[in-house]
Amino acid sequence: MPFLTTVPEMMSAAVTDLAGIGSTLSEASSAVAAATTGVMPAAMDEVSEVIASIFGAHGQAYQALSARAAQFHAQFVEALTAGANAYAGAEASVVQSMQGAVAAPAQAVSAAASSPLQQLEQAQITFNTNLVNAELTFNHQLVSGEVALEQSLFGTDSALNGVINRGFNVGNLLWGTAQQTVNTLVGAPVPQNFTSGLLQGSAAQVFNGGKIGGPLGAFDQSLVVGADFAGLVLGSPPGQAVLSLLPAPTQAMLASAPGNFLAQLETAQLAYNTGLIGHEMGFNDALLTHEIALENSIFGTDSALNGTLNRSFNAVNLLIGTGEQTLNNFSGAYAPQPAFNQSLLTGSGAQTFNSGEIGGLTGVVDQTLFAGVDLLGLLAGR
């Protein structure tokens, strides 16, 4: 079976050459037209005139044939040009179709893998949002129920000089630690007022405005339970009678010592938690900087292997962040969200996945899944 192989570039070159030949022939015909169609007689006799007339007739016939040949040549060049354009267009169309056919599997693989992951992302964000909202609602109902119980038993929401409130707060903060542990594992960011939503009583009884949660906050509340109880005893008539027997400096010291100690303790704890979060964020930033520098030094880009390397970094970093957040939960330190998770992520907006809204072990799983998708897209793209 015969095959025809056509190179559009060679056809275009042939068209150009033929057009040049046509121009050369036309110029030559024009140059000799006057000399060949109007031949002067060699002499004044009749024979010379007849010969000149014959040559002139031949010249005119040549010019007529030359004109027809030029017209045919022009038509041939035009047809050849159209053919070359048609071949070039057909070849471009075939190339485009082949490129689309080659790219289609990779795009299909990428789309097929990305779509479920995007749905997973949205489902996780929705779950985390509902989880935190449910916790906040439960905590509000818990505190409201405790206040109602206190009022029903003592007729006030600050019974026994606040001792009851402090006791409730100790239990609530331990319960909040369990909630925060779950939130850390599933990567759910919580608002800054999460801890304060677990506390009841006056501003003085809440202690540190709810800025310290977890077991450390529960310990603080238990200390103030003792201080409130001591204040209750010393404020009673028997207690006042005993105090009156003591020297005035001793009375002043007993009255101010618990408050001064607790105020100093609060200041030290807040400074520790602030420094802890600051050091964690600084460490995370340095970690990302070194990872990107390493990637650039090896691959010459900060998004190597179709983003697979960035995703791998992110998975490890979020695992480190889970450990950091676990420590924060027990010291009662609040890490700003989603800024804390974002400090652990590298790569483009698409590669960081959910903009840091999901951290913890769930975020680790997400980044690992997407690392596989990126690697699959890299292989399919080849």
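Above this note sits the structure.
The rules we used
By convention here, each chain's residues receive numbers from 1 onward along its written sequence. The model is predicted, so local features are restricted to residues of pLDDT at least 70 and side-chain atom pairs to those at 80 or more, both for listing and for counting; the totals for chains, interfaces and linings are taken over all residues. In computing side-chain values, all of the structure's heavy atoms are included and hydrogens and water are not. Runs of E in the DSSP output that reach at least two residues are strands. Runs of H or I that reach at least four are helices, and both are numbered from the N terminus. A 1.4 Å probe rolled over the protein chains alone gives each residue an accessible area, and that area as a share of the maximum for its type sets the label: buried under 20%, exposed over 50%, partly exposed in between. In short, Shrake-Rupley with a 1.4 Å probe defines the accessible areas, and a residue's cover is counted only from the protein chains shown. Side-chain rings of Phe, Tyr and Trp (the six-membered ring for Trp) are treated as a pair once their centres are within 6.5 Å; stacked means planes under 30 degrees apart, edge-to-face means over 60, and tilted covers the remaining angles. The set of buried Ala, Val, Leu, Ile, Met, Phe, Trp, Tyr and Cys residues whose side-chain atoms join them within 4.5 Å is what this entry labels a nonpolar core. Any two residues whose heavy atoms approach within 4.5 Å at even a single point are treated as in contact. When a carboxyl oxygen of Asp or Glu is within 4 Å of a side-chain nitrogen of Lys or Arg, the pair counts as a salt bridge. Exposure above 30% relative accessible area and no salt bridge define the residues that can form patches, which grow by joining like charges within 9 Å and nonpolar side chains of Val, Leu, Ile, Met, Phe, Trp and Tyr within 5 Å.

**Student:** Where do I start with the overall build of the chain in this structure?
**Tutor:** Assigned secondary structure in the chain consists of eleven helices and zero strands. Reading the helices (α) and strands (β) of the chain from amino to carboxyl end gives α-α-α-α-α-α-α-α-α-α-α. Within the span of the chain, comprising 382 residues, buried residues form 33% of the whole. By element, 69% of the accessible surface of the chain is carried by carbon and sulfur atoms, the whole surface being about 21100 Å².

**Student:** Would you mind going over the packing of aromatic side chains with me for this structure?
**Tutor:** How two aromatic rings sit relative to each other is set out by the distance from centre to centre and by the angle between their planes. Overall, the coordinates contain one aromatic pair when judged by the stated rule. Seen in terms of ring centroids, Phe 138 and Trp 175 are 5.6 Å apart; in terms of plane orientation they differ by 55 degrees. Their pairing is tilted. On the criterion of sequence distance, the pair formed by Phe 138 in helix α2 (residues 46–154) and Trp 175 in helix α3 (residues 163–186) is long-range, its members being 37 residues apart. For Phe 138, a relative accessible area of 38% puts it in the partly exposed group. Residue classification places Trp 175 among the partly exposed positions, given a relative accessible area of 39%.

**Student:** Honestly, the nonpolar core in this entry has me stumped. Any pointers?
**Tutor:** As a rule of thumb, soluble globular proteins bury nonpolar side chains together. Membership of the largest hydrophobic core is limited to eleven residues, which are Leu 131, Val 132, Val 170, Leu 173, Val 186, Ala 188, Val 190, Phe 194, Leu 198, Leu 199 and Ala 218. Of all the secondary-structure elements, those providing two or more residues to this core are α2 and α3. Top contributing element to this core by residue count: α3, with three residues. In this view, Ala 188 contacts Asn 128, Val 132 and Asn 183; residues no more than four positions away in its chain are not counted. One finds Leu 276, Phe 340, Leu 344 and Leu 345 within the second-largest nonpolar core, a separate group that totals ten residues.

**Student:** What is the right way to read the pattern of salt bridges from this model?
**Tutor:** Under the definition given, this model contains one salt bridge. In this structure, Asp 374 and Arg 311 form a salt bridge, with 3.0 Å as the shortest nitrogen-oxygen distance. Of the two residues, Asp 374 sits in helix α11 (residues 360–381) while Arg 311 sits in helix α8 (residues 308–331), which places them 63 residues apart along the sequence. This pair shows no difference in class: Asp 374 is buried, exactly as Arg 311 is.

**Student:** Please explain a nonpolar patch on the surface as it appears in this structure.
**Tutor:** Among the surface-exposed residues, Leu 149, Leu 153, Phe 154 and Leu 160 lie close enough to one another that they form a single nonpolar patch of about 390 Å² accessible area. Among the structural elements, Phe 154 can be located in helix α2.

On their own, these measurements won't tell you what the molecule is for.
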